[in-house]
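Architecture and fold: a report
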Amino acid sequence: MPDVESTILTALASGPDATIPDSFTFATTSNLDHNSIVGTCKSLQTDAYVTLTERSTQFYVLGKEAESIVKDGSQEIRVLSALIAAGADGLGMPELQSSVGKDVCKIGMGNCLKNKWAKKDKASGKLIAAVTELPTDDVKEQLVALKSAASEEENTKCVDDKAAAALKRRKLISLITRKSYTISRGPSYAPQRVKKAADLTKEMLESGKWKDTQFKEYNFQTLGESVGGGYLHPLMKVRAEFRKILMEMGFEEMPTNKWVESSFWNFDSLFQPQSHPARDAHDTFFIKEPAETVSVPEEYYERVKNMHEKGGSGSIGYRTVFERKEAMKNLLRTHTTAVSSQMLYKLANQPGGFKPARYFSIDRVFRNESMDATHLCEFHQVEGLVADYNLSLGDLIGTVETFFHKIGIKRLRFKPAFNPYTEPSMEVFGYHPGLKKWTELGNSGMFRPEMLAPMGLPKDVRVIAWGLALERPTMIMYNINNIRTLFGHKVDMGMIKNAPICRFEADEEEGVAEEAKV
């Protein structure tokens, strides 16, 4: 294959006014790919070797059915020919289909009736020719004229607009628009392109070659290419602030990198009954493979089972049969409290016995919920707990207030609530100065003795805990109204790239929440 660039420049070498009228025709005659011609011309245009003028060529092309008509005639003429040959008796539908073919019969019969070249006998139901001689096959003649046109420009002049419209309605032809270029000499034309140097080198300066070297033009106003790389999601920015605050409060982060948990740790160890609605498939994502966990601590399992069936620590239990099959089911964890229960079990059974501890976690959990502007099937839960001797409800309120004060929310209210594994339980509300209303922030409570006793914790050890979703404060801080704009497949990557850093600052003078500085 000849060199494309050399072929183009040589074709323009005959004189100052030399042109290539049509790049497509030139590509065909030169046995070159048209796309290669266009790409090379645009490259030459940047160095002013050529100038390009866009041109548009329209022409008709024949479809597969049209090619058949050119060869055998139109369907209506073929049907009429068969009817004339049959004489006054005409032809029934089966005979006509057998004679000309099913597809030809369907189209040709309709056009014959429309042109009144045939009529249908009501008595016999047969089709009879209404003329004795075949008319001119206008459709075939028009298609032959289009196919045999001397040039593409002449192609569109072979038939009038009315005839062309009729052929297009029958999907026999289609109008094609081809883009090409007229190629002319540019201001810097030369029979051979000389590559311009991009850099001034030490060797050029020493040899003096720079005096005769052509350099590419420099644009000193242009900006450098933007640096790529990863960007922290707004959720991760808020998570980093929460994590820093909790560590400042003396909390240790729990390992939450295991999303699949057993029902035993997710529900049973928390003294949540096996008949609880949350265990239904409508609320929880259960795993099909593997459907069951491999093992759980057997001695602890028996104590949990006994607590559910018979009770203890002042409780009568649920008085129902505790089923091992239900406890062994695998699921996507519905809360990070499944990790909290494992940490408390380890804390109670560690070498040297129980020691007071503070734990927190911020990670993803999953619920089988209907998605809307404020709910997704997965979200991030922030959870904190304190395990120590003789803790009270006052300790819980004080710890929760300290955490929320540090993130700038100072006006708090607590409302009694119910949780299967905490008693007492409280919902936490905070005043939102922007919305000028009280907003639910999270939940809190003291873990029940029925949950703590089977773990082996000392009797006077109490555990206080609270939790909230990471998405809600993030949406408030970044002024996002729809959670699907923040998290999920509809997230705008530009929003993630340009989201400012989040900083929590409390307004000490006003004594109310100033949610965040971003």
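The following refers to the structure shown. Bear in mind that the values here come from a model prediction, so they are computed numbers and not experimental data.

**Details of helix 12 (residues 234-248)**
- Its 15 residues give helix 12 an end-to-end C-alpha distance of 21 Å, which sits within 8% of 21 Å, the value for a rise of 1.5 Å per residue.
- Phi turns positive, to about 90°, at G250, one or two residues after helix 12.

**What to know about the nonpolar core**
- One finds F242, F403 and F404 to be the most contacted residues of the largest nonpolar core, which totals 36 residues.
- Not counting chain neighbours up to four residues away, the residues in contact with F403 comprise F242, I245, L246, M249, W466 and L468.
- Judged by nonpolar contacts, the second largest core, of 33 residues, contains F264, V339, A348 and F447.

**Observations regarding unusual backbone geometry**
- At the junction of E289 and P290, the peptide bond is cis and its omega measures out at -5° in the coordinates.
- Relative to the helices and strands, P290 resides in the loop between helix 13 (263-266) and helix 14 (298-309).
- Cis peptide bonds are those with omega within 30 degrees of zero, and the linkage from E423 to P424 qualifies with 0°.
- If you trace the backbone, P424 turns up in strand 12 (residues 422-432).
- One non-glycine residue with positive phi stands out, namely N31, at about 60°.
- Here N31 lies in the loop between helix 2 (23-29) and helix 3 (34-46).
- Residue classification places N31 among the exposed positions, given a relative accessible area of 63%.
- At K171, a residue that is not glycine, the phi angle is positive and equals roughly 60°.

**Brief notes about the sheet that holds strand 5 (residues 173-185)**
- One open sheet holds the 3 strands; their spatial order is 1-5-2, and the pairing between them is antiparallel. Because the sheet does not close on itself, it has two edges, and the strands there are strand 1 (19-20) and strand 2 (50-62).
- Across 2 bridges, strand 1 lies against strand 5 in antiparallel orientation. Its bridge partner lying in strand 5, I20 is registered against I183.
- Sheet strands touched by helix 8 (residues 138-147): strand 2 and strand 5. Its angle to strand 2, the strand with the most contacts, is close to 155°.

**Considering the sheet that holds strand 13 (residues 437-447)**
- In spatial order, the strands read 6-9-10-14-13-12-11; together these 7 strands make up an open sheet with mixed pairing. This sheet does not close on itself; its edge strands, each paired only once, are strand 6 (252-253) and strand 11 (412-419).
- As judged from the 4 bridges shared by strand 13 and strand 14 (residues 461-469), these two strands associate in the antiparallel manner. Each bridged residue has a counterpart across the sheet, and for N443 the counterpart in strand 14 is G467.
- Its contacts with the sheet place helix 16 (residues 337-348) against strand 9 (357-366), strand 10 (378-389), strand 13 and strand 14, and it is angled at close to 25° to strand 10.

**Remarks on the pattern of salt bridges**
- Under the criterion given, the structure shown has 15 salt bridges.
- Linking E67 and K147 is a salt bridge whose minimum nitrogen-to-oxygen distance equals 2.9 Å. One end of the pair, E67, is in helix 4 (residues 64-72); the other, K147, is in helix 8, with 80 residues separating them in the sequence.
- Residue E67 is classed as partly exposed on the basis of its relative accessible area of 32%.
- Across the salt bridge formed by R239 and E253, the nearest N and O atoms sit 3.1 Å from each other. Of the two residues, R239 sits in helix 12 while E253 sits in strand 6, which places them 14 residues apart along the sequence.
- Take E253: its relative accessible area is 24%, and that puts it in the partly exposed class.

**So, the side chain of Q342**
- Assignment of secondary structure puts Q342 in helix 16.
- On the basis of relative accessible area, Q342 is assigned to the buried category, the value being 16%.
- Reaching out from Q342, the side chain makes a polar contact with the backbone oxygen of A338 at a distance of 3.2 Å.
- Apart from residues lying up to four places away in sequence, Q342 is in contact with K258, E261 and W265.

**Points about the side chain of S315**
- Of note, S315 is situated in the loop between helix 14 and helix 15 (324-327).
- Classification of S315 as buried rests on a relative accessible area of 16%.
- A polar contact of 3.1 Å, which involves the side chain of S315, links it to the backbone nitrogen of G317.
- Side-chain polar atoms of S315 contact the side chain of E450, separated by 3.0 Å.

**Details of the packing of aromatic side chains**
- Enumeration over the complete set of coordinates arrives at 16 aromatic pairs.
- Both rings, one in F264 and one in W265, keep their centres 5.3 Å apart while their planes meet at 80°; by these two values the pair is edge-to-face.
- Take W265: its relative accessible area is 10%, and that puts it in the buried class.
- By the ring-pair criterion, three or more aromatic residues cluster together here, those being F264, W265, Y300, Y301, F322 and Y345.
- The cationic tip of K329 hangs over the ring face of F286; the distance from NZ or CZ to the ring centre is 5.6 Å.

**Description of the packing of helix 5 (residues 75-86) against helix 6 (residues 93-100)**
- Running from N to C, helix 5 and helix 6 cross one another at 120°; their axes reach a closest spacing of 10 Å. Overall, the two elements helix 5 and helix 6 adopt an arrangement that is oblique. As for how helix 5 packs across helix 6, the hand of that crossing is right-handed. Seen from helix 5, the contacting residues are R78, V79, A82 and L83; seen from helix 6, they are L96, S99 and V100.
- Its residues assigned to classes, the contact of helix 5 with helix 6 shows 5 nonpolar, 1 polar and 1 charged.

**Quick word on helix 10 (residues 161-169)**
- The set of residues buried in helix 10 consists of A163, A164 and L167. Each buried residue of helix 10 lies within a common arc of 100° when the element is viewed along its axis, so the set occupies one face. Seen from the buried face of helix 10, the exposed residues on the opposite side, beyond 90 degrees, are D161, K162 and R169.
- Buried residues in helix 10 make contact with strand 2, helix 8 and strand 5.
- For helix 10, the side-chain oxygen to backbone nitrogen distance between the N-cap and K162 is 3.3 Å, and the N-cap itself is D160.
- Phi turns positive one or two residues past the end of helix 10, at K171, with a value near 60°.

Conventions and cut-offs
- Residues numbered from 1 in each chain as written.
- Predicted model: local features only at pLDDT ≥ 70, side-chain atom pairs only at ≥ 80, totals over all residues.
- Heavy atoms only, no water.
- Helix = DSSP H or I, 4+ residues; strand = E, 2+ residues; numbered from the N terminus.
- Expected span 1.5 Å × (residues − 1).
- Core = buried A, V, L, I, M, F, W, Y, C linked by side-chain atoms within 4.5 Å.
- Buried < 20%, exposed > 50% of the residue type's maximum accessible area, 1.4 Å probe, protein only.
- Contact = heavy atoms within 4.5 Å.
- Pairing = 2+ DSSP bridges.
- Axes fitted to C-alpha atoms, helices over the stretch in contact; angles between N-to-C directions.
- Salt bridge = Lys/Arg side-chain N within 4 Å of Asp/Glu carboxyl O.
- Polar contact = N/O pair within 3.5 Å; in protein donor to acceptor, adjacent residues only side chain to side chain.
- Phe/Tyr/Trp six-rings, centres within 6.5 Å; stacked < 30°, edge-to-face > 60°.
- Lys NZ or Arg CZ within 6 Å of the ring centre and 35° of its normal.
- Parallel < 35°, antiparallel > 145°, perpendicular 65-115°, else oblique.
- Left-handed = near helix turned anticlockwise from the far one by under 90°.
- Nonpolar A, V, L, I, M, F, W, Y, C, P; charged D, E, K, R; others polar.
- Arc of directions from axis to C-beta.

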